[in-house]
Amino acid sequence: MHLITRSEWHAKEPTASYVRLSSTRGVKIHYTGGKVLADLADPDNHDHCPGLVRGIQRMHMGGGRGERYIDIGYNMVCCPHRKLFMGRGPHHLPAANGAGLNSGHYAVLALLGDSGFDEPNDDLLNGLVDAIEYLREHGGAGDEVKGHRDGYQTSCPGDPLYRWVRDGARRP
Ligand SMILES: [Zn+2]
Ligand SMILES: [Zn+2]
């Protein structure tokens, strides 16, 4: 498992304390959606990933989701190079699953769009399983793996990734 710490991706500090979670029922999977660089998964293109994560943090903290979040909304972010970016991290309430749904499941984001790079590659899927295992080991996450669309009106995490979730979220 390759973890990229917050200092390594030059995360901004959270603007307030996190709400602590002792455990969750599991993890919900998200995607970025929209247009993502078609060849993002090329081995040479990992250079793009930290900037994408910083952009999401900037959007969340800047009020792009309607209110200013204290930090990026996700607990962890996976890129198609099987690298895991630390978001809010384990034992911290995410802001991604929808009102009332954040204490039930950690939120893990896949850098995956619905155009351009829109089919998860093996490294992305393995990275998601790495994140799930990490949150089980370090954050008391339970066995459930669900999609954002479970319990909330959204297309997230997109059909290809949602199929993988429904098929058991297994390593490829
Ligand atoms: Zn989502
Ligand atoms: Zn990457």
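The structure this text deals with has already been given above.
Residues numbered from 1 in each chain as written. Chains lettered and ligands numbered in written order. Predicted model: local features only at pLDDT ≥ 70, side-chain atom pairs only at ≥ 80, totals over all residues. Heavy atoms only, no water.

A. Region of interest: the coordination of the zinc ion (ligand 2). Around the zinc ion (ligand 2), the protein contributes the donor atoms His46 (ND1), Cys49 (SG), Cys79 (SG) and His81 (ND1), which lie 2.0 to 2.4 Å from the metal centre. Metal-centred angles of 102 to 113° between the 4 donor atoms at the zinc ion (ligand 2) mark the site as tetrahedral. For Cys49, a relative accessible area of 0% translates into the label buried. Owing to a relative accessible area of 0%, Cys79 belongs among the buried residues under this scheme. (Donors = N, O, S within 2.8 Å, 3.2 Å for Na, K, Ca; no water. Tetrahedral: all angles 85-135°; square planar, octahedral: opposite > 155°, others 65-115°. Buried < 20%, exposed > 50% of the residue type's maximum accessible area, 1.4 Å probe, protein only.)

B. Representation of the coordination of the zinc ion (ligand 1) within the structure. Protein ligation of the zinc ion (ligand 1) involves His30 (ND1), His148 (ND1) and Cys156 (SG), the donor distances falling in the range 2.0 to 2.3 Å. Each donor residue of the zinc ion (ligand 1) lies on one chain, and together they are spaced H-x117-H-x7-C. Linking His30 in strand E2 (residues 24-31) with Cys156 in the loop between strand E8 (141-147) and helix H3 (159-166), this pair joins segments that are 126 residues apart in sequence. Judged by its relative accessible area of 1%, His30 falls in the buried class. (Helix = DSSP H or I, 4+ residues; strand = E, 2+ residues; numbered from the N terminus.)

C. Representation of the nonpolar core within the structure. By size, the foremost hydrophobic cluster in this structure holds 44 residues, and its most contacted members are Val108, Leu111, Leu128 and Leu161. At the level of elements, E2, helix H1 (49-61), strand E4 (76-78), strand E5 (83-86), strand E6 (105-110), helix H2 (122-139) and H3 are the ones that each hand at least two residues to this core. If one sorts the elements of this core by residue count, H2 sits on top with 8 residues. Filtering out sequence-adjacent residues up to four positions away, Leu161 remains in contact with Ile29, His30, Tyr31, Ala110, Leu112, Pro120, Leu125 and Leu128. (Core = buried A, V, L, I, M, F, W, Y, C linked by side-chain atoms within 4.5 Å. Contact = heavy atoms within 4.5 Å.)

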